[in-house]
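Summary of the model geometry
Residue-level listing of the chains:
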Amino acid sequence: MTTDPQYPLTDTEASAEAKRLIREAYRPETPAPAATTFRDTTPVPAIGSAPPVLQPETRIVPQWAAGVAVASIGVGAGAVGLGCAAWLFLQALSSVTLTGVLAVTAPFAGAAALATALGGAISKARKASTTNVYQGTVIKRTEITSTARGIGARSRVGE
């Protein structure tokens, strides 16, 4: 039997070699393959053997950096708030119903009514304080003359 690659096995030799390999692989007396991993089951100590060392805080944050950080947090929170408000507003507008339209226009209608009421109150306040003083004779004419010629007619008071 040759195992040199230059001399390939014959069919009988290959069959015999295959039987031998299978017999070796499935021999019950061979031990199981050795494990390739290891688990240490000894308990881990709660505290190590090194004493604790004080580690003081040595980072220094410039004042402008702290201000920028706080401002960016505020801007971010504000942007999130505006985004949520816009989302809620657009969610309400997306379901176009009479109630939705009224809910959107109600603030504008209220503002218009308030502006009209304020304008009327200011106008009446101005009129109430104005006093007209007339000097001279007052002429009251009650004569009415009427001419009717052709299709049109016109009336004039006190000519």
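Since we're looking at a predicted model, the values are computed, not measured. (Residues numbered from 1 in each chain as written. Predicted model: local features only at pLDDT ≥ 70, side-chain atom pairs only at ≥ 80, totals over all residues. Heavy atoms only, no water.)

1. Comments concerning the overall build of the protein
Secondary structure assignment for the protein yields three helices and two strands. Among the 159 residues that make up the protein, the fraction classed as buried is 2%. Accessible surface computed for the protein: about 15,300 Å², of which carbon and sulfur atoms make up 65%. (Helix = DSSP H or I, 4+ residues; strand = E, 2+ residues; numbered from the N terminus. Buried < 20%, exposed > 50% of the residue type's maximum accessible area, 1.4 Å probe, protein only. Areas by Shrake-Rupley, 256 points an atom, 1.4 Å probe, with all protein chains shown as cover.)

2. Brief notes about the pattern of salt bridges
Pairs can form between side chains of opposite charge whenever their charged atoms are close. Applying the stated criterion across every chain yields a total of three salt bridges. The shortest N-O distance in the salt bridge between Arg59 and Glu57 comes to 2.6 Å. Owing to a relative accessible area of 56%, Glu57 belongs among the exposed residues under this scheme. Overlapping salt bridges bring together Glu17, Arg20 and Glu24 as one network. (Salt bridge = Lys/Arg side-chain N within 4 Å of Asp/Glu carboxyl O.)

3. Re a nonpolar patch on the surface
A cluster of nonpolar side chains, contributed by Leu114, Leu118 and Ile122, occupies part of the molecular surface with about 300 Å² of accessible area. Along the chain, Leu118 turns up in helix 3 (residues 98-129). (Patch = residues over 30% accessible without salt bridge, like charges linked within 9 Å, V, L, I, M, F, W, Y side chains within 5 Å.)

4. Describing the confidence of the model for the protein
A residue-level look at the protein finds 80% of positions with pLDDT of 70 or above and a mean pLDDT of 79. The element-level mean pLDDT for the protein is lowest in strand 2 (residues 152-157), coming to 65, with helix 1 (residues 11-25) highest at 89. (pLDDT = per-residue confidence, 0-100.)

5. Some details on the environment of Thr116
Within the secondary structure layout, Thr116 lies in helix 3. A distance of 2.8 Å separates a polar atom in the side chain of Thr116 from the backbone oxygen of Ala112. (Polar contact = N/O pair within 3.5 Å; in protein donor to acceptor, adjacent residues only side chain to side chain.)

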